[in-house]
Amino acid sequence: MMRSALQSLVRGRKLCRTANNAQGAFLSSKSFSTQRGGEDEYDVVIVGGGMVGAAVGCGIGSSPMTKDLRVAIIDSSKSMAAPKHDAKAVPDQRVSAITPATVRFLKEVGAWESVQAAKPTPFDSMQVWDYEGLGYIRYTADDVGAPVLGYVVENKVLVGALRSRLQDTGSVEFICPAQVKSVLFPSPSGSDSDARQDLAEVGLGDGRRLRTRLVVGADGGKSAVRAMAGFQTRGWEYQQTAVICTVKVNSKHSTAWQRFLPTGPFALLPMNNTYSNIVWTTTPETANALKGMSNEHFVAAANKALIEDFGPKPGSKIAEAIGNVVANTPLLGAIGPSAAEQFQEPPRIVECVTERLSFPLSLMHASMYVGHRVALVGDAAHTVHPLAGQGVNLGFGDAASLSRVVQRGVSIGHDIGQADLLEEYERERKKTNMAMMAILDGFQKIYATDLGPLNVARSAGFNAVHLLGPLKKQIISYAMGVL
Amino acid sequence: MSWMGSWRVALQHARRVGNQRGLVEDGLPGTMISRWFASASNATATVPKAPETQQPTVVVSQVSQTHSSAVLVPPQQVDGTKVVVKLAEEYPCEGAPVELPKKEDSHRPVFRNEQPDQAHFAPRIEVSKVAENEPAPSASANLGREERQVHSTPEARKNSVDKKETAKFAAIAATWWDPKGPYKPLHIMNPTRVSYVRSAICKHFRKDANTPRPLEGLKIIDVGCGGGLVCEPLARMGAELTGVDAVEKNIGVASVHAARDPATASIKYLCTTAEQLVREEQKFDVVLALEVIEHVADPQDFCKSLAALAKKDGLVFISTLNRSLPSFGLAVVAAEYILGWLPKGTHEWSKFVTPEELSTIMDRSSIAVKDTAGMVYNPLTQRWSISGTNTSVNYIAYGVNRSG
């Protein structure tokens, strides 16, 4: 314990030195270090060095306005070194479907190049259908005039790209491995006249205390920062569990497939070569069984869930009939380019090539994202149903927004940890995040119901959406993170 | 639309101000009037006759040509005369006694444990007495005047500046700097005027605006700095800041707040006037007087002082409220007469300066006006923005000082 603490301290200082060297002439304008000389005083302390935490660090470190801020990232992992990526290896089962908006952010912060080097898998179409076999939506990148709808990337590639970007720019100090034991927040406008009272204080397991203007909670769904800031959360368990794994399929494809089953959605995302990724949401009991069964049985069960189970494949006369009625109704808008696209059958799964992991699902939303000297990002602020792979995109959206707001704060000479500035971030993100949560939760609720009339209505809705240009475009844009 | 937005903010603000009248228990100013919201100017205060009250009375008074402050009138001096007073800009008038400003010898805030010298307090207060039997001003003349008297508690009568005093400043600072507090409209507006000032300075002095501290190496003075809302951001941008205000309490509040952040601790706050600094021949690269000129007795003289504080080719910024129909509607008709949030006569609308007049005033002070821009509130985004054309309510102008 003692040794690791010492190591972390040494590492922190070493990195700090490299950071200073890298910045050369800018050293004199380092916000805190020069004015106060305080060893442990920072402008921003980011708790959690995962995808979203590292993204906040990159966002702040890549703008000329904020790159001279003194920023630290605290993480419990042993090293913040970027993991080596082997393109030939079996892809990891933890993947994200990142949207063009996320790609844009990664480009802005200079992390996209290393993501691209790891060959992310683009997908240009998405097909969603239900178990009744009555309705489907198939949409393509052409619907919105974009080259791709998004990319499927291994999470470790994303984290690695962001961390190596942070190391290259030297704009952030890594403090790891370290545990956050306490976070003390000063009173908002503070009637205490002692200057040192108006900084937040992050206490680490080794007794070190970091004083900072802004604590960024990027420490996940069970965020300690959130708890210590005293923010309430609202949410509920879905009574569902997701099983994830990497599989081999019988043919290369570039579609994100998603089938809604009564127990939850089954998603198959394209990966390089003939690899694909499965995110199978189901009941906890089934999930347990799926994890425990043999490879052959699992492949059979997966194929059954994806292709065979529950009635005919869509494209039958009923679906067309419903679709025609809707499409021929004026006022409902023009028909999109992919309206003519027929339902396509997904590839067959032939082999499960990784361990099957499972995690319970829940929806959680923090009542507040920000307060005096604190801001929550990513899962610390909100967890969503993973059905459209939106969780991480919302997190990147948070990171982009928060770094923009901090930049603006610096440009207007504001105290970057002051709540009135941070509320701009909250206003911007709450709207987007809550809308997405409502959509995903709504989807989930609709499909968890097996009631005759509702099923027909749902299918009709599906078909209508499939055929109608503007509405479909809207939905795709949303899923792409454009809105 | 845009000025309607400003209107709404002003009304919101006015209501808040109105609600606070007489509120003393939590340290909130009794009649806190934002300097943004063109507060009152020359006002008449009736000092009650001695037998009616044994409590001291705070009367707001004009200190000098351009600045004003408060006087604690001891009971024995209360004789029922009327005094023409001028409200201090941003003067947070509280129920507690207020130390008198203007220490001739020192330009610094009052520190804890410091025993103020009684002799220093009295001399510079000039209360012009009006004969008791002088007829009251007519209704129209009364527009823009405010009657105010604030009673203080007896135990607060002692004039010592001690720890309690510093704590009080800190408490007021907390209110002042609360973005959701009584100064909310000012907090919302502040980034806009600060951004305008920042980009104009960067342009004039050829500084790279795309850096966090573009104002490094510049000496800036904010005349009428209040609680330091403008000083602090500019100090964070690297400038060497001096904030002056004639009201001791404002300086106390500003100093206490700036000391809380290492990035702003270097700001020099002085309780003095622009004229005094001119006499001391102090010179600055940039001189700011934001939402001040509408409070001064003689805008032309005031502007000349500002010009005298600026180095040759230095910049002078002045922001204020236009004398327009919208501002009349906002400040006077709606807030005072229709909604009754403010006492009738709070705003001396006739003293507001139009952009054309300001331009002339600046020109006569040998300041070559570079730009005049409106500041407009959008209620949907809750943001202020700079408008090149709409100067109907709030506006800001700057120019280059041509005289050496």
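Residues numbered from 1 in each chain as written. Chains lettered and ligands numbered in written order. Predicted model: local features only at pLDDT ≥ 70, side-chain atom pairs only at ≥ 80, totals over all residues. Heavy atoms only, no water.

A short note on the overall build of chain A
Scanning chain A from N- to C-terminus turns up 14 helices and 20 strands. Per-residue burial for chain A yields a buried fraction of 56% across its 483 residues. Across chain A, the fraction of contacts at a sequence separation of at least 24, relative to all contacts at a separation of at least 6, is 79%. Here chain A has roughly 19400 Å² of accessible surface; of this, 56% comes from carbon and sulfur atoms. (Helix = DSSP H or I, 4+ residues; strand = E, 2+ residues; numbered from the N terminus. Buried < 20%, exposed > 50% of the residue type's maximum accessible area, 1.4 Å probe, protein only. Contact = heavy atoms within 4.5 Å. Areas by Shrake-Rupley, 256 points an atom, 1.4 Å probe, with all protein chains shown as cover.)

Side note on the UniProt feature "binding site: Mg(2+)" (unreviewed entry) in chain B
Sequence positions flagged by UniProt for "binding site: Mg(2+)" (unreviewed entry) are, in local numbering, E291, E294 and H295 of chain B. Secondary-structure assignment places E294 of chain B in the loop between β10 (284-290) and α9 (299-309). (UniProt positions renumbered as here; feature names shortened; annotations may be inferred.)

Structural notes on the sheet that holds strand β7 (residues 150-154) of chain A
Residue and element names in this part refer to chain A. The antiparallel open sheet is built from 3 strands, whose spatial order is β3-β7-β4. Every interior strand has two partners, whereas the edge strands, β3 (95-98) and β4 (121-123), have only one. Each neighbouring strand pair of the sheet contributes to a mean axis angle of 25°, computed without reference to strand direction. Sheet topology places β4 next to β7; 3 bridges connect them, and they run antiparallel. Considered in β7, the bridge of P122 is made with Y151. Sheet strands in contact with helix α4 (residues 100-108) are β3 and β7, and its direction is about 95° off that of β3. Strands in contact with helix α6 (residues 155-169) are β3 and β7; relative to β7, the strand with the most contacts, it is inclined by about 85°. (Pairing = 2+ DSSP bridges. Axes fitted to C-alpha atoms, helices over the stretch in contact; angles between N-to-C directions.)

Re the packing of aromatic side chains
All names here are of chain A. Counted under the stated rule, the structure contains 9 aromatic pairs over all chains. Ring geometry for W129 and W257: centres 6.4 Å apart, planes at 90°, overall edge-to-face. One end of the pair, W129, is in strand β5 (residues 125-130); the other, W257, is in strand β13 (residues 255-261), with 128 residues separating them in the sequence. For the pair W129 and W257, one class covers both residues: buried. Geometrically, the ring pair formed by F266 and W280 is edge-to-face, given 4.8 Å between the ring centres and 65° between the ring planes. (Phe/Tyr/Trp six-rings, centres within 6.5 Å; stacked < 30°, edge-to-face > 60°.)

Points about the nonpolar core
Membership of the largest hydrophobic core comes to 75 residues, with the highest contact counts inside it found for I74, I98, L106, L162, V202, F396 and L402 of chain A. Here the element with the most residues in this core is helix α11 (residues 391-411) of chain A; it accounts for 8 residues. Not counting the four nearest positions on each side in its chain, F396 of chain A is found in contact with M51, A55, T102, F105, L106, L158 and L162 of chain A. Within the second largest apolar cluster, 36 residues are counted, among which are C202, C225, L241 and L315 of chain B. (Core = buried A, V, L, I, M, F, W, Y, C linked by side-chain atoms within 4.5 Å.)

Quick word on the UniProt feature "binding site: S-adenosyl-L-methionine" (unreviewed entry) in chain B
Residue and element names in this part refer to chain B. With numbering matched to this structure, UniProt assigns "binding site: S-adenosyl-L-methionine" (unreviewed entry) to R193, G224, D245 and L290. Residue R193 is classed as buried on the basis of its relative accessible area, which comes to 0%. Within the fold, G224 resides in the loop between β7 (219-223) and α6 (231-236). G224 sits in the buried class, given a relative accessible area of 0%.

Some thoughts on the packing of helix α3 (residues 51-61) of chain A against α6 of chain A
Residues and elements named next belong to chain A. Viewed as axis vectors pointing N to C, α3 and α6 meet at an angle of 30°, and their least axial separation amounts to 9 Å. Put simply, α3 runs roughly parallel to α6. Considering only the axes of α3 and α6, their crossing is left-handed. When α3 is examined against α6, the residues M51, A54, A55, G57 and C58 are found in contact with a partner set consisting of N155, L158, V159, L162, R165 and L166. When the residues that make up the contact of α3 with α6 are grouped by side-chain class, the tally is 8 nonpolar, 2 polar and 1 charged. (Parallel < 35°, antiparallel > 145°, perpendicular 65-115°, else oblique. Left-handed = near helix turned anticlockwise from the far one by under 90°. Nonpolar A, V, L, I, M, F, W, Y, C, P; charged D, E, K, R; others polar.)

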